[in-house]
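# Understanding the architecture of this molecule
Each chain, written out:
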There are 2 protein chains.
Amino acid sequence: MALSKKPVTGMKDILPEEMQIRDYVISVIKETYGRFGFTSIEAPCVENIANLSNRQGGENEKLIFKILKRGEKLNVEAAETEEDVVDSGLRYDLTVPLVRFYSNNAAQLPTPFKALQMGNVWRAERPQRGRYRQFMQCDIDILGEASNLAEIELILATTTTLGKLGFKNFQIRINERRILKAMAAYSGFPEESYDGVFITLDKMDKIGLEGVEKELLEDGFEKGCVDKYLSLFKGLSEAKDGVRYLAETLGEFLEPEVEQSLQEIIASVRATKSSDFEIVFDATLVRGMSYYTGTIFEIAMPEFGGSCGGGGRYDKMVGKFTGSDVPACGFSIGFERIILLLMESGFKVPVRPKQVAYLIEKGVGGDELCGVIAKAQKARQDGTKVLVARMNKNKKFQKEQLIKEGYEEFEEFYKNPLKQ
Amino acid sequence: MALSKKPVTGMKDILPEEMQIRDYVISVIKETYGRFGFTSIEAPCVENIANLSNRQGGENEKLIFKILKRGEKLNVEAAETEEDVVDSGLRYDLTVPLVRFYSNNAAQLPTPFKALQMGNVWRAERPQRGRYRQFMQCDIDILGEASNLAEIELILATTTTLGKLGFKNFQIRINERRILKAMAAYSGFPEESYDGVFITLDKMDKIGLEGVEKELLEDGFEKGCVDKYLSLFKGLSEAKDGVRYLAETLGEFLEPEVEQSLQEIIASVRATKSSDFEIVFDATLVRGMSYYTGTIFEIAMPEFGGSCGGGGRYDKMVGKFTGSDVPACGFSIGFERIILLLMESGFKVPVRPKQVAYLIEKGVGGDELCGVIAKAQKARQDGTKVLVARMNKNKKFQKEQLIKEGYEEFEEFYKNPLKQ
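This structure is a prediction, so every number in the text was calculated from the model and none was measured.

Conventions adopted
- Residues numbered from 1 in each chain as written.
- Chains lettered and ligands numbered in written order.
- Predicted model: local features only at pLDDT ≥ 70, side-chain atom pairs only at ≥ 80, totals over all residues.
- Helix = DSSP H or I, 4+ residues; strand = E, 2+ residues; numbered from the N terminus.
- Contact = placed C-beta atoms within 7 Å.
- Domains from an automatic or database assignment.
- Pairing = 2+ DSSP bridges.
- Least-squares fit on C-alpha atoms with pLDDT ≥ 70 in both.
- Axes fitted to C-alpha atoms, helices over the stretch in contact; angles between N-to-C directions.
- Left-handed = near helix turned anticlockwise from the far one by under 90°.
- Nonpolar A, V, L, I, M, F, W, Y, C, P; charged D, E, K, R; others polar.
- Core = buried A, V, L, I, M, F, W, Y, C linked by C-beta atoms within 7 Å.
- Buried ≥ 20, exposed ≤ 12 C-beta atoms within 10 Å, placed from the backbone.
- Expected span 1.5 Å × (residues − 1).
- Parallel < 35°, antiparallel > 145°, perpendicular 65-115°, else oblique.
- Right-handed = clockwise from strand over helix to strand, strands pointing away.
- pLDDT = per-residue confidence, 0-100.

Of the regular secondary structure elements, chain A holds 15 helices and 14 strands. For the C-alpha atoms alone, the extent of chain A along its principal axes is close to 95 × 60 × 45 Å. For chain A, the share of sequence-separated contacts (at least 6 apart) that also reach a separation of at least 24 residues comes to 68%.

Right, let's get into the domain arrangement of chain A. Domains assigned within chain A are domain 1 (10–167 + 309–351), domain 2 (168–300) and domain 3 (355–419). Here the C-alpha centroids of domain 1 of chain A and domain 3 of chain A sit 42 Å apart.

In this section: the sheet that holds strand E8 (residues 277–281) of chain A. Residues and elements named next belong to chain A. Spatially, eight strands are ordered E1-E5-E6-E11-E10-E9-E7-E8 in an open sheet, and the strand pairing comes out mixed. One side of each edge strand has no neighbouring strand; the edge strands of this open sheet are strand E1 (39–40) and E8. Two elements, strand E7 (residues 170–176) and strand E9 (residues 295–300), share six bridges in a ladder whose sense is antiparallel. The partner of Arg173 across the bridge, within E9, is Glu298.

Least-squares fitting of chain B to chain A yields an RMSD of 0.0 Å, with the superposition described by an axial translation of 0.0 Å and a rotation of 180°. As the rotation angle and translation indicate, the two copies are arranged about a two-fold axis. No C-alpha of chain B lies nearer the rotation axis than that of B:Ile67, which sits 2.3 Å from it. Taken together, the interface assignments show that 100% of the residues at the interface of chain B recur at the interface of chain A, consistent with an identical surface on both copies.

What follows covers the packing of helix H14 (residues 366–381) of chain A against helix H11 (residues 256–272) of chain B. It is at 9 Å that the axes of H14(A) and H11(B) come closest, and there the two elements cross at 40°. For H14(A) against H11(B), the interelement crossing comes out right-handed. On H11(B), the residues that touch A:Gly366, A:Leu369, A:Cys370, A:Ile373, A:Ala374 and A:Gln377 of H14(A) are B:Glu264, B:Ser268, B:Ala271 and B:Thr272. For the contact of H14(A) with H11(B), the class distribution of residues is five nonpolar, four polar and one charged.

Now for the nonpolar core. Judged by nonpolar contacts, the single largest core of 229 residues is most densely connected at A:Tyr358, A:Val388, B:Tyr358 and B:Val388. A:Tyr358 has contacts with A:Val372, A:Ala376, A:Val386, A:Leu387, A:Val388, A:Glu411 and A:Phe413, leaving out every residue within four places of it along the chain.

So, about the pairing of strand E10 (residues 307–313) of chain A. Residues and elements named next belong to chain A. Among the seven residues of E10, six are classified as buried, and the element is accordingly described as predominantly covered. Here four bridges tie E9 to E10, and the two strands are oriented antiparallel to one another. Among the inter-strand pairings, Glu298 is bridged to a residue of E10, identified as Gly310. Looking at chain direction, E10 and strand E11 (residues 328–333) are connected through five bridges and run antiparallel. By the bridge assignment, Gly311 is partnered in E11 with Phe331.

Facing the 92 residues of chain B at the interface are 93 residues of chain A. With eight residues, helix H14 (residues 366–381) of chain B is the single largest residue contributor to the side of chain B that touches chain A. Counted by class, the side of chain B that touches chain A contains 41 nonpolar, 28 polar and 23 charged residues.

Owing to its 3.6 residues per turn, the α-helix brings residues three or four apart onto one side. Over its 20 residues, helix H1 (residues 16–35) of chain B runs 29 Å from end to end, which matches the ideal 28 Å to within 8%, given 1.5 Å per residue. If you check which residues of H1(B) are buried, you get B:Pro16, B:Asp23, B:Val25, B:Ile29, B:Thr32, B:Tyr33, B:Gly34 and B:Arg35.

Moving on to unusual backbone geometry. Glycine aside, residues mostly have negative phi angles, and peptide bonds mostly take the trans form. Residues and elements named next belong to chain A. Residue Pro112 is reached from Thr111 by a cis peptide bond, and omega for that bond is -5°. Tracing the backbone shows Pro112 in the loop between helix H4 (95–105) and strand E5 (113–122). One non-glycine residue, Asn169, lies in positive phi territory at about 55°. Relative to the assigned elements, Asn169 resides in the loop between helix H5 (149–164) and E7.

Moving on: the environment of A:Lys234. All names here are of chain A. Mapped onto the elements, Lys234 comes out in helix H9 (residues 223–238). Taking the number of C-beta atoms within 10 Å as the measure of exposure, Lys234 has 10 and is therefore exposed. Put simply, Lys234 and Leu209 are 25 residues apart on the chain and 8.6 Å apart in space, counted from C-alpha to C-alpha.

What follows concerns H4(A). Summarising burial for H4(A): nine of the eleven residues are buried, a large majority. Among all positions in H4(A), only A:Thr95, A:Val96, A:Pro97, A:Leu98, A:Val99, A:Arg100, A:Phe101, A:Tyr102 and A:Ser103 are buried.

With respect to the secondary-structure elements, A:Lys214 resides in helix H8 (residues 204–218). For the pair A:Lys214 and A:Phe297, spaced 83 residues apart in the sequence, the C-alpha separation amounts to 27 Å.

Two modes of strand pairing occur in sheets, parallel and antiparallel, and in both the strands are linked by backbone hydrogen bonds. All names here are of chain A. One open sheet accounts for three strands, arranged E13-E12-E14; its pairing is parallel. On the outer flanks of this sheet lie strand E13 (385–390) and strand E14 (409–413), each paired with one strand and no other. The sheet shows a mean angle of 20° between the axes of neighbouring strands, taken without regard to direction. Across six bridges, strand E12 (residues 355–360) lies against E13 in parallel orientation. Residue pairing for E13: Gln355 is matched across the bridge by Lys385.

Next up on the list: the packing of H9(A) against helix H10 (residues 242–250) of chain A. Residue and element names in this part refer to chain A. Interaxial distance between H9 and H10 falls to 9 Å at its minimum, and their mutual angle equals 140°. Taken as axis vectors, H9 and H10 run oblique relative to one another. For the crossing formed where H9 meets H10, the hand is right-handed. Touching Leu232, Gly235 and Leu236 of H9 are Gly242, Tyr245 and Thr249, all from H10. Grouping the constituent residues of the contact of H9 with H10 by class yields three nonpolar, three polar and no charged.

All names here are of chain A. With five of six residues buried, E12 is to be regarded as a mostly interior element. The parallel pair E12 and E13, bridged by H14, forms a crossover whose chirality is right-handed. Bridging between E12 and E14 involves five bridges; their strand directions are parallel. By the bridge assignment for E14, Ala357 is matched with Phe410.

Moving on, we get to the environment of A:Lys385. Note on placement: A:Lys385 falls in strand E13. A:Lys385 sits in the buried class, given 20 other C-beta atoms within 10 Å. Excluding residues that lie within four positions of it along the chain, A:Lys385 makes contacts with A:Pro353, A:Lys354, A:Gln355, B:Gly34, B:Arg35 and B:Gly37.

So, about the confidence of the model for chain A. Averaged over chain A, the pLDDT score is 93; the fraction of residues at 70 or greater is 98%. Taken over the whole predicted complex, pTM reads 0.93, whereas the ipTM for its chain interfaces reads 0.92.

Shown next as structure tokens:
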């Protein structure tokens, strides 16, 4: 088989310029989340195939990179289906591995457990500009905290981090799965069709109120239901306080606790936020994953159509592994989109050490070489970044390239010092 | 299929305590290598199967986690061999991906190119204590530098990093593939049997001179050859300067350039090193990978039987991808062994921010909750790590656990302040 210079389809090589920004963003994320009491953990990138195919991951389960069995367990010739040859796969998100991790290690973890994960995930999506099949995710999760303190802390930690990276004027949109359900119930949709209704609702920002109406009617829902549903959104657009309006209108369809908790989250975040953003209630926010049970939220950036991260509460997922539920809530930053936005804005990593390049003529060796290296070692100890390199034939071009890499000073060393 | 709480066979969950040390070591590595002018890059974890199976990776190629084709390209029922169902695999080291990366991106990279890679690799080895099927590697490589400046800088950068992590009294063992070959040629072994001879030689530290003699004779080599070969090692054990002794003894079997370069590396490193280690010539050092063409080296730690990292020159590998050779030399730190040694020595991460925990009684909400969170936000801005958590029923136990996590101060917030 011929060797291939290209990365595998849909994945990319990350060059030094981008890596410098990624490393910087990672350090800001780790430091800021650390201040909020989140501790780093790591689960393997490979998970048992049963854990990945448990119908919690929605569409993502169709996109799994599956791993072949090995040794005696593998018999390709006799195999009839994928299940016969596969025992594991690459994770498609960090939530399923986190919940497995927590179920496996709960006895050694504090309560509540505040986890920070940064790691690659893989999805075999159709390749398209700006989306890759391997990408970094950055999740914080709080397990064991039933109260909305979890939501408040997750939103503050995430927005503080975004603020430190220089993002402004963004929005946190927040909603509740129980509000979504109450709105559908109030309108008279049959319970088994909720997920279909929400899929249509999710398109509101693209197709508008009329588009949603049209699609719901086309899907065969009763006009009475659809009208009642749409009247809620019309009412919302005129209401000063959307959550209050819905609580009043939905009446007994919505538990009072839902309104109170959501109001408290919004008020607390507004009162204590340390960066420049708005938190707004958005009754059209759906989020795809079927594992969410309560609050859901999303980051909307003005510079970027679509979401730059999101999360929510998933109180029923640990129970699938252990048999007993543990309250859980998480927030995932769209790491790759953040990097893309920073790259496009010409972002430069702040504070870097002084960069000096020592260029040594080819013939210089022995004691002279030692002298140059000793000098470099001293400067490095003092905090300077020193590149020691042989002088290229085209010294002018070499220096131009080094200037592009950020080297600001040069020293040259010749075999015959008179040349200097 | 039932969900599994355990990680997949042979891989492990990394708990907060270990992650704290890993994150610290990663930051020291990135900073120190940065000072030497190495820049971070990243290649995908998945590589085309042809690149992984090119016979450069030795035994590791048998241990590849292979990835199933997807969609229309996959037909399990009709498949007869692994090749029919597989298109890619997880990398087993960082060298093959680096060389592919360089071949793909050379036009955008400086010359010489000094790369730092930190990332996971996967090998389906038989599970055993302390060895895992997913583990982190940390490699520095210099591409495009033909002179021994590459070796000197790689060894200095690696040893400076180890020094900063507190390691002392370790050894860098160094040898040359061309010396290995010259010794075998001088002794009269047939060229096609060199690799077999080296496999036996590699066991010297375990089976001793007599063991090597016995094994070579059992392998059917002529007594004359074996005697001549062993006389070299006996001579070495008495020689003051092993490299000089071999150059004199091997005569025309060894190019003079090899001795000169090796002496220069050893002398330069001794003269300019900034941490507490020895560099020694070791004619029994072999290193397994067949891609090495020149210098080879290894880290030996007194606390640890076996190698804690190693590397060497591989001048012929880029040519396999591009058709024209580029000089290349790399050094890989045994990251997981470093972490193991630090954990076992009770290593504590230096300099950490002050850790304070705010414990809030369950009923506290609304404005009171806002007040506590605002206070936490202020302290975080000032650099303190603040955990805001609900008070557990067993407050004493909760505090004990938090003290174990490093929290040194506590503040408690009650609904009825009189309780305080």
